[in-house]
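Structure assessment
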Amino acid sequence: MTIDFKRRLPEIYSNIDDTLESAKIILSEAVPNAKTLFHTPVVSTFNNGDITSRVMVLREFDFEKKILRFHTDNRAAKIDNINENSSATVVGYDPELKIQIKLQGQASVHINDSITEKAWNESTARSKKCYSVKDGSSKEIENAEEYDITDFEVEEGYKNFAVIIFKFHNLEFLYLKSSGHRRALHKWDSDYSCSWLVP
Ligand SMILES: Cc1cc2nc3c(=O)[nH]c(=O)nc-3n(C[C@H](O)[C@H](O)[C@H](O)COP(=O)(O)O)c2cc1C
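First, a word on scope: everything that follows refers to the structure included in this document. Chains are numbered independently. Their residues run from 1 in the order of the written sequence. Residue-level local features of this predicted model are given only where pLDDT is at least 70; pairs of side-chain atoms are given and counted only at 80 or more, and the full residue set underlies all totals for whole chains, interfaces and linings.

Some points on the overall build of the chain
Helix and strand counts for the chain come out as four helices and nine strands. A run of H or I in DSSP counts as a helix once it spans at least four residues, and a run of E counts as a strand once it spans at least two, with each numbered from the N terminus. Along its sequence from the N terminus, the chain presents helices and strands in the succession α-β-β-β-β-α-β-β-α-α-β-β-β. The globule rule is 2.2 Å times the number of residues to the power 0.38, and the radius of gyration it is compared with is taken over C-alpha atoms. Expected size for 199 residues packed as a compact globule is a radius of gyration near 16 Å; at 18 Å, the chain falls within 12% of this value. A principal-axis box enclosing the C-alpha atoms of the chain has dimensions of 55 × 40 × 35 Å. The long-range fraction of contacts in the chain, counting pairs at least 24 apart against all pairs at least 6 apart in sequence, stands at 62%. Working definition of a contact: two residues with C-beta atoms, positioned from the backbone, lying within 7 Å.

Quick look at the site of the ligand
To decide nearness, the C-beta atom of each residue is placed from the backbone, and the residue is near a molecule or strand if that atom lies within 6 Å of it. If you check the shell around the ligand, you find 14 residues, and the closest are Arg 54, Val 57, Thr 72, Ala 76 and Lys 78. Here the shell around the ligand is composed, by residue class, of six nonpolar, six polar and two charged. Residue classes follow a fixed rule: Ala, Val, Leu, Ile, Met, Phe, Trp, Tyr, Cys and Pro count as nonpolar, while Asp, Glu, Lys and Arg count as charged, and any other residue, Gly among them, counts as polar.

Re the pairing of strand E5 (residues 87–94)
Between any two strands, pairing holds if DSSP finds at least two bridges. Sheet topology note: the strand E1 (residues 42–47)/E5 ladder contains three bridges and is antiparallel. Bridge assignment links Val 42 to a residue of E5, and that residue is Val 91. Both E5 and strand E6 (residues 99–110) contribute to a ladder of eight bridges, which runs antiparallel. Note that in E6 the partner of Gly 92 across the bridge is Ile 101. Between E5 and E6, which follow one another and run antiparallel, lie four residues, and Lys 98 among them has a positive phi close to 65°.

Looking at the nonpolar core
As used throughout, a nonpolar core is a set of buried Ala, Val, Leu, Ile, Met, Phe, Trp, Tyr and Cys residues joined through C-beta atoms within 7 Å of each other. Three exposure classes are used. Buried residues have 20 or more other C-beta atoms within 10 Å of their own C-beta, exposed residues have 12 or fewer, and partly exposed residues fall in between, all C-beta atoms being placed from the backbone. One finds Ile 26, Leu 27, Ile 101, Ile 164, Phe 166 and Phe 173 to be the most contacted residues of the largest nonpolar core, which totals 30 residues. At nine residues, the largest contribution of residues to this core is made by strand E7 (residues 161–175). Non-local contacts of Ile 101, meaning those with residues more than four positions away in its chain, are made with Ala 23, Ile 26, Leu 27, Phe 38, Gly 92, Leu 171 and Phe 173.

Remarks on helix H1 (residues 16–30)
Working rule for helices: expected span equals 1.5 Å times residues minus one. Counted at 1.5 Å a residue, the expected span for H1 with its 15 residues is 21 Å, and the 22 Å between its end C-alpha atoms agrees. Looking only at H1, the buried set comprises Thr 19, Ser 22, Ala 23, Ile 26, Leu 27, Glu 29 and Ala 30. Buried residues of H1, viewed axially, fall in a sector of 160°; they line one side. Check the buried side of H1 and you find it contacts strand E3 (60–62), E6, E7 and strand E8 (182–188). Here, the arc refers to the directions that run from the helix axis to the C-beta atoms.

A closer look at the pairing of strand E4 (residues 67–73)
In terms of strand pairing, E3 meets E4 through three bridges, oriented antiparallel. Counted as the bridge partner of Asp 62 is Ile 67 from E4.

Brief notes about the environment of Ser 44
Within the fold, Ser 44 resides in strand E1. Spatially, the C-alpha atoms of Ser 44 and Ala 88 are 5.6 Å apart, while their sequence positions differ by 44 residues. Those residues in contact with Ser 44, other than ones at most four positions away along the chain, are Ile 51, Thr 52, Ser 53, Ala 88 and Thr 89.

Describing the environment of Cys 130
By secondary structure assignment, the location of Cys 130 is in the loop between helix H4 (125–129) and E7. Assessed through the 17 C-beta atoms surrounding it within 10 Å, Cys 130 is described here as partly exposed. When the C-alpha atoms of Cys 130 and Pro 41 are compared, they prove to be 19 Å apart, with 89 residues separating the residues in sequence.

Quick notes on unusual backbone geometry
The phi dihedral of Lys 66 falls on the positive side, at around 60°, and the residue is not glycine. Turning to its location among the elements, Lys 66 is positioned in the loop between E3 and E4. Residue Lys 66 is classed as partly exposed on the basis of its 16 C-beta neighbours within 10 Å. The residue Asn 112 is not glycine, and still its phi comes out positive at about 50°. One can find Asn 112 in the loop between E6 and helix H3 (114–121). Exposure remark for Asn 112: the 13 C-beta atoms within 10 Å place this residue in the partly exposed category.

Written out as structure tokens, the structure is:
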């Protein structure tokens, strides 16, 4: 974990390449460092015609593959939502850095395959425990205490475990500073392109 990753970020953005480099530093740091605000970005997907958003823990950022990895319960509402419409947005803002990063792309669900197996094997017992909750999320219940996870076999949770791989095709970087706001859009269509936008 880089303790002083903030020192690697420039004060002034005059070169557009620096905006992408900063986004890479921030998202790489966000995976192991739970104190960074990008560790828990907001992930938005569609639920029929409505947009639905939730905070999720960022588990992996791979710039070469252009993916973010998230873990979830395969009984969650977002599983069906993503299977029906894969379009998704991930956004985070850190007021100390004054930087917002927004990514657009497609989400895909993995259940009981080589991706979930690897992710499960790399998870801590504390993370695995969440997947032992009975009935899965979003069910309406009378008594919340009945759903506290007390007696569980940690590996039993794997049957409820899912991985969401979000592949992004654009990244928008916004820096809000009184000396001059900066907004840059990086796109990976058939080729890479980037451009400043009016902030
Ligand atoms: C700090 C924090 C971290 C969270 N991390 C996750 C996560 O990694 N995966 C997840 O499925 N839900 C996570 N949640 C819960 C979601 O925000 C959401 O309530 C839940 O997944 C149900 O969403 P859904 O009904 O849209 O599927 C987290 C919530 C908070 C507040």
